[in-house]
Amino acid sequence: MKLMTVMIAALFLFSTSWAQGQHTQSGRTESMQTASNFTKVAPALEKYARGPLAELWKRPGLTPRDRSLVTIAALIARNQTVEMPYYFDLALNNGVKASELSEVITHLAFYSGWSNAASAVAIAKDVFERRGIGPDQLPPASPELLPLNEDAEADRAARVEQDFGKVAAGVVQYTTDLLFRDLWLRPALTPRDRSLVTVSALIASGQVAQITYHLNRAMDNGLTKSQASEVLTQLAFYAGWPNVFSALPVAKAVFEKRPD
Amino acid sequence: MKLMTVMIAALFLFSTSWAQGQHTQSGRTESMQTASNFTKVAPALEKYARGPLAELWKRPGLTPRDRSLVTIAALIARNQTVEMPYYFDLALNNGVKASELSEVITHLAFYSGWSNAASAVAIAKDVFERRGIGPDQLPPASPELLPLNEDAEADRAARVEQDFGKVAAGVVQYTTDLLFRDLWLRPALTPRDRSLVTVSALIASGQVAQITYHLNRAMDNGLTKSQASEVLTQLAFYAGWPNVFSALPVAKAVFEKRPD
Amino acid sequence: MKLMTVMIAALFLFSTSWAQGQHTQSGRTESMQTASNFTKVAPALEKYARGPLAELWKRPGLTPRDRSLVTIAALIARNQTVEMPYYFDLALNNGVKASELSEVITHLAFYSGWSNAASAVAIAKDVFERRGIGPDQLPPASPELLPLNEDAEADRAARVEQDFGKVAAGVVQYTTDLLFRDLWLRPALTPRDRSLVTVSALIASGQVAQITYHLNRAMDNGLTKSQASEVLTQLAFYAGWPNVFSALPVAKAVFEKRPD
């Protein structure tokens, strides 16, 4: 009798654990799980997932790879771990390299906060293990950096020093040494992709006041107006309409001041 | 000896798993668990829970059902899954129909972000299963829509098109087709309740720039000033004082421009 | 055969459960786990953790105890539970008393939202249990309150009543009775530390509009300019650069209007 109880208990637990493992270990399974949840709670969401959300990813103007970069930046910036396994997998399927996903997380440690990166790392670890992605596919801790545009950086540093040097000398110093003379020059993400991720994270977390500088920088780094426009469209779904409507006037002002 | 180990291990795990299941499956148990945690960490919170927080729900000016709509909107907008089982249960006890809770989640997929809805769906699934709420009690994916106020919608669409049509044509198009000619017309939530949920989510997530339009719309849809005032009071507790103090000047301006 | 299956299953589950328990129960282990995750996903983050992040905590201008208060306020305000076990432990190691950590959570129930506190309480419970911190070390629910500066409070209450008394009488009443005539007078945190935690939570959650009042209050309560400057530096890492850059102009304006 007791043995039977043990067996039932253990087998029940094993099957439960196995099923949960499947959900967290497999993006595909998690997606099926989410779809199954939709039908049990909100059938309209399943309809919208198969309709407009699926179509969103196929819109011209932004590649699926770029849409994945935008989406994972939004998830990390908003610390939405539940959806990360599925969208990290999708990103890798859409042509984002493992080294690029790694570097997106590294970048957002500074632009979304250290703990957001720590949470994302815990998810990415499982995704990488499942796909057999080892250390050889990751960016080195200390790579040879991209060349710096010394004039542009001197201008930026001087302006920030003048504005805030007496308010928070530590912030100003780290911004120069750690961000613009180190992080932004790491070669595992192109400056354009790094900007794309930064702008996406800013919009997704409602950091309206920081969009002007970084959207201009993104476009200096090669993001086109039509791509930026589709970034906003992608984020309407993944960061919610209000974040995008708060970003629209800023994007409009940036667009209007730049040549076509 | 080994058998004993297995039995102890299995029974220990079973009891642990069962207890955890209780916590996540039962709002009542979770509430007791939270209260027990309070006494072990912050006894003042237990006092405030029994005092001002309990009284908040009994204040005149907003029904318990409305307070539940406000509170679950805040939790979904802020992605606070830990408290969802308890407050989803409370909402159903306070007269929010399962179909309405389902529709709140569907609505906030667009106004808080797709992943917020996915997280809420996973919680609601357990609540619905425990209460025996089946698909027959859920809103259909494609219901007959409420009639559209064509003039008002034409005005809205024209204004947004003029403001942002050249910035993000995709956002503008989806806003019309998906939100105002579909989502807002779904009959499982009244327009007044849909507005109540929208305004609550905006305040709870600090989307100050979007409050003016939606608070006016909510009042056009039947929300009174005294109800809106109590929405702010409810959210002070559930979204934190700062979010409410940032919303107060906007609410004041909206109130002052409307007839009493 | 079946017995063997049961044994393997049970022992496997037991070891898994034990390992997970270690991670969540021990800040030290969790930190090692995070470091291990970094090497498997983003080696640069491990480098930054050992370099600039470790140095940050040793910078002059703000004690490790104050940096811990700033950091746990940021984590609670942002609901980042994954990192809480480690940083709650670190806070206690850095000289934050258990009663103070308890009171920080109580305070942020109102300044970050009730559910943020509920999540933090669940984490702190495990930390307290592991360290043998019992009810005798917690602040009483209803202590003798600190003396009130009646003139300053009358001024504050009159201003808020004039601004928002007709918009949300409930908010105004609770702000007086619950916050400024109760919460702020609880003796388990000094007013200076309470202000430090409040300002940190505001910056960390992007509540820019509320910083001016509370940064002035913090400095009235004894926070120096150089300390406030280092609070911003600490938060650049733990709340992300954008939140700090949005706070910098406000901090600058506050600093400039105050005598040195």
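Coordinates for the structure precede this section.
Below is a short write-up of the structure. Computed from a predicted structure; not experimentally measured.

**Some remarks on the interface of chain C and chain A**
Here is step 1: With 51 residues of chain C at the interface, the matching set in chain A holds 53 residues.
Here is step 2: The contact between chain C and chain A buries some 4,300 Å² in all, and 70% of this surface belongs to carbon and sulfur atoms.
Here is step 3: Summed over the three residues of chain C that lose the most area to chain A, namely V41, Y48 and W241 of chain C, the buried surface amounts to 17% of that side.
Here is step 4: The interface formed by chain C and chain A includes 1 salt bridge.
Here is step 5: Where E129 of chain A meets K40 of chain C, a salt bridge forms, and the shortest distance between an N and an O atom there is 3.8 Å.
Here is step 6: Where chain C meets chain A, there are 16 residue pairs in polar contact (both at pLDDT 80 or more).

**Remarks on the packing of aromatic side chains**
Here is step 1: For the structure shown, the criterion picks out 42 aromatic pairs over all chains.
Here is step 2: The structure contains a cluster of three or more aromatic residues connected by ring pairs, namely F38, Y48, F237 and W241 of chain A together with F110, W114 and Y174 of chain B.
Here is step 3: Cation over ring: R217 of chain A sits above W184 of chain A, and NZ or CZ is 4.1 Å from the ring centre.

**Observations concerning the relation of the copies chain C and chain A**
Both copies of the chain are related by one operation, a rotation about an axis with a shift along it.
Here is step 1: Once chain C is rotated about the relating axis by 120° and shifted along it by 0.0 Å, it coincides with chain A to within an RMSD of 0.0 Å. This pairing of chains is accounted for by a three-fold axis.
Here is step 2: Of the interface residues in chain C, just 8% have counterparts in chain A that sit at the interface too, so the contact is made through distinct surfaces.

**Some words on the relation of the copies chain A and chain B**
Here is step 1: Superposing chain A onto chain B takes a rotation of 120° combined with a translation of 0.0 Å along the rotation axis, leaving an RMSD of 0.0 Å.
Here is step 2: Mapped onto chain B, only 8% of the interface residues of chain A again fall at the interface, so the copies present different surfaces.

**Here we look at the environment of L148 of chain A**
Residue and element names in this part refer to chain A.
Here is step 1: Here L148 is to be found in the loop between α7 (114-130) and α8 (150-164).
Here is step 2: The sequence separation of L148 and L185 amounts to 37 residues, and the corresponding C-alpha distance is 7.1 Å.
Here is step 3: Once residues within four sequence positions are removed from consideration, L148 is found in contact with E153, F180, R181 and L185.

**A short note on the interface of chain A and chain B**
Here is step 1: Each partner contributes residues to the interface: chain A has 51 residues there, and chain B has 53 residues.
Here is step 2: Between chain A and chain B the total buried area reaches about 4,300 Å² when both faces are included, carbon and sulfur atoms providing 70% of it.
Here is step 3: The three residues of chain A that bury the most area against chain B are V41, Y48 and W241 of chain A, which together make up 17% of that side's buried surface.
Here is step 4: Applying the counting criterion to the chain A and chain B interface returns 1 salt bridge.
Here is step 5: When residues of the side of chain A that touches chain B are assigned to their parent elements, the largest contribution, 11 residues, is made by helix α13 (residues 241-256) of chain A.

**Points about helix α11 (residues 211-220) of chain B**
All names here are of chain B.
Here is step 1: The complete set of buried residues in α11 reads I211, H214, L215, A218 and M219. The buried residues of α11 all sit within an arc of 140° when viewed along its axis, so they share a single face.
Here is step 2: Where α11 is buried, its residues contact α6 (98-111), α10 (191-204), α12 (225-239) and α13 (241-257).
Here is step 3: Positive phi shows up at G222, right after α11, with a value of about 115°.

**Overview of unusual backbone geometry**
Here is step 1: Backbone geometry places N79 of chain B, a non-glycine residue, at a positive phi of 60°.
Here is step 2: You can see N79 of chain B is positioned in the loop between α4 (64-77) and α5 (84-93).

**Let's talk about helix α9 (residues 169-180) of chain A**
Here is step 1: In a regular helix each residue adds 1.5 Å, so 12 residues correspond to 16 Å; α9 of chain A covers 16 Å between its end C-alpha atoms and thus fits that length.
Here is step 2: With 9 of its 12 residues buried, α9 of chain A lies for the most part within the structure.
Here is step 3: Restricting attention to buried positions, one finds in α9 of chain A the residues G170, V171, V172, Y174, T175, T176, L178, L179 and F180 of chain A.
Here is step 4: For α9 of chain A, the secondary structure elements touched by its buried residues are α6 (98-111), α8 and α11 (211-220) of chain A together with α3 (43-56), α12 (225-239) and α13 (241-257) of chain C.

**Structural notes on the side chain of D182 of chain C**
Here is step 1: Mapped onto the elements of the fold, D182 of chain C is located in the loop between α9 (169-180) and α10 (191-204).
Here is step 2: No salt bridge forms around the buried D182 of chain C; measuring N to O, its nearest opposite-charge neighbour K47 of chain B is 4.3 Å away.
Here is step 3: When near neighbours in sequence (up to four residues on either side) are disregarded, D182 of chain C contacts K47 and Y48 of chain B together with L145 and D177 of chain C.

**Considerations on the side chain of E153 of chain C**
Here is step 1: Mapped onto the elements, E153 of chain C comes out in helix α8 (residues 150-164).
Here is step 2: At 2.7 Å, the side chain of E153 of chain C forms a polar contact with the side chain of R156 of chain C.

**Some points on the packing of helix α4 (residues 64-77) of chain C against helix α6 (residues 98-111) of chain C**
All names here are of chain C.
Here is step 1: Where α4 contacts α6, the axes come no closer than 11 Å and their chain directions differ by 35°. In the crossing of α4 with α6, the sense of the turn from one axis to the other is right-handed. Where α4 abuts α6, its residues R65, L69, I72, A73 and I76 lie against E100, L101, V104, I105 and L108.
Here is step 2: Its residues assigned to classes, the contact of α4 with α6 comprises 8 nonpolar, no polar and 2 charged.

Scoring rules and cut-offs
- Residues numbered from 1 in each chain as written.
- Chains lettered and ligands numbered in written order.
- Predicted model: local features only at pLDDT ≥ 70, side-chain atom pairs only at ≥ 80, totals over all residues.
- Heavy atoms only, no water.
- Contact = heavy atoms within 4.5 Å.
- Buried area = accessible area lost by both parts, 1.4 Å probe.
- Salt bridge = Lys/Arg side-chain N within 4 Å of Asp/Glu carboxyl O.
- Polar contact = N/O pair within 3.5 Å; in protein donor to acceptor, adjacent residues only side chain to side chain.
- Phe/Tyr/Trp six-rings, centres within 6.5 Å; stacked < 30°, edge-to-face > 60°.
- Lys NZ or Arg CZ within 6 Å of the ring centre and 35° of its normal.
- Least-squares fit on C-alpha atoms with pLDDT ≥ 70 in both.
- Helix = DSSP H or I, 4+ residues; strand = E, 2+ residues; numbered from the N terminus.
- Buried < 20%, exposed > 50% of the residue type's maximum accessible area, 1.4 Å probe, protein only.
- Arc of directions from axis to C-beta.
- Expected span 1.5 Å × (residues − 1).
- Lys, Arg positive; Asp, Glu negative; His and termini not counted.
- Axes fitted to C-alpha atoms, helices over the stretch in contact; angles between N-to-C directions.
- Left-handed = near helix turned anticlockwise from the far one by under 90°.
- Nonpolar A, V, L, I, M, F, W, Y, C, P; charged D, E, K, R; others polar.

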